[in-house]
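Now for the letters of each chain:
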Amino acid sequence: MTSQADVATDVNLNGGRFLIRPLVETDLPRLEWDGEFKHFRKLYRQHFQNSCSGSTLIFIAETETGHLAGQVFVLLYSREKSIADGIKRAYIFSFRVKPQYRKIGLGTSIMKFTEDNLLNRGYSEIRLNVAKENLEALHLYKTLGYRIIGSDPGIWNYQDHDGVWQSVREPAWQMLKLLK
């Protein structure tokens, strides 16, 4: 099995050169995207701690000058086995590419990197949810071979950076891809 610490790749795209690599603790503030996602600070910290114990993977893509361009989180193990079972099924979430780096192939590169990493770990199935209103992401996932398998009300809660519990309702499509 591959450990998260020994994987990284350089990608050359029309928009420049990018490094896709595992997140390290000092990267955590960068996930806030200059304040846009600071409300997820506690959630990101928890997912990072989970990555240290091996139940989650977090990868980032950065420019050659070190600016964060994208991210993806992968849940390897969940109490709900239909989402991620720690053996063959993983769940992708919090996949983002900054607007200025979209439509150059970076999102595809991040997803392929993630899929290859999971395949090397022995996983054969990836699940994800995509907001029903996010047509660009839905198109990307379909292009990459994901298929809709159901609908999800997209209701979840998190504690924001001020310690206040927030509720989210984001209806989503459930998608699945079988890895080869």
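To be clear, the structure that these remarks concern was listed above.
Residues numbered from 1 in each chain as written. Predicted model: local features only at pLDDT ≥ 70, side-chain atom pairs only at ≥ 80, totals over all residues. Heavy atoms only, no water.

A. Highlighting the packing of aromatic side chains. Applying the stated criterion across every chain, the model contains 13 aromatic pairs. Relative to Phe 73, the ring of Tyr 44 has its centre 5.5 Å away and its plane inclined at 35°; by these criteria the two rings are tilted. Of this pair, Tyr 44 sits in helix α1 (residues 41-53) while Phe 73 sits in strand β4 (residues 68-75), and the two are 29 residues apart along the sequence. Grouping residues by exposure puts Tyr 44 and Phe 73 together as buried. Both rings, one in Trp 156 and one in Tyr 158, keep their centres 5.4 Å apart while their planes meet at 35°; by these two values the pair is tilted. Given a relative accessible area of 32%, Trp 156 falls into the partly exposed group. Feature note: the residues Trp 33, Phe 37, Phe 40, Tyr 44, Phe 73, Tyr 91, Phe 93, Trp 156 and Tyr 158 constitute an aromatic cluster, connected by ring pairs. Above the plane of the ring of Trp 33 lies Lys 98, whose end atom (NZ or CZ) is 5.4 Å from the centre. (Phe/Tyr/Trp six-rings, centres within 6.5 Å; stacked < 30°, edge-to-face > 60°. Helix = DSSP H or I, 4+ residues; strand = E, 2+ residues; numbered from the N terminus. Buried < 20%, exposed > 50% of the residue type's maximum accessible area, 1.4 Å probe, protein only. Lys NZ or Arg CZ within 6 Å of the ring centre and 35° of its normal.)

B. Representation of unusual backbone geometry within the structure. A positive phi is found at Trp 33, a non-glycine position, where the angle reads about 50°. In this structure, Trp 33 sits in the loop between β2 (16-22) and α1. Taking relative accessible area as the criterion, Trp 33 reaches 6% and is therefore assigned buried. You will see that Asp 34, though not glycine, has its phi angle at about 55°, which is positive. Relative to the helices and strands, Asp 34 is located in the loop between β2 and α1. On the basis of relative accessibility, which here comes to 77%, the residue Asp 34 falls in the exposed class.

C. The environment of Ile 149, seen in detail. With respect to the secondary-structure elements, Ile 149 resides in strand β7 (residues 147-152). Of the residues examined, Ile 149 reaches a relative accessible area of 36% and is grouped as partly exposed. The spatial distance from the C-alpha of Ile 149 to the C-alpha of Lys 177 is 9.8 Å, given a sequence separation of 28 residues. Those residues within four positions of Ile 149 in sequence are excluded, and the remaining contacts are Arg 127, Gln 174, Met 175 and Leu 176. (Contact = heavy atoms within 4.5 Å.)

D. Molecular detail of the pattern of salt bridges. Under the defined criterion, the tally for this structure stands at 13 salt bridges. The salt bridge involving Asp 27 is made with Arg 21; its shortest N-O contact spans 2.7 Å. Note on Arg 21: relative accessible area 14%, which makes it buried. (Salt bridge = Lys/Arg side-chain N within 4 Å of Asp/Glu carboxyl O.)

E. Structural view of the sheet that holds strand β3 (residues 56-63). Within the open sheet, the 8 strands sit side by side as β1-β2-β3-β4-β5-β6-β10-β7. Their pairing is mixed. At either margin of the open sheet sits one strand with a lone partner, and together these are β1 (9-13) and β7. Across the sheet, the mean angle from the axis of one strand to that of its neighbour is 25°, orientation sign disregarded. Two elements, β3 and β4, share 7 bridges in a ladder whose sense is antiparallel. Paired with Ile 58 across the strands is Phe 73, a residue of β4. Across the sheet, α1 lies against β3, β4 and β5 (89-97), angled at about 110° from β3, the strand it touches most. (Pairing = 2+ DSSP bridges. Axes fitted to C-alpha atoms, helices over the stretch in contact; angles between N-to-C directions.)

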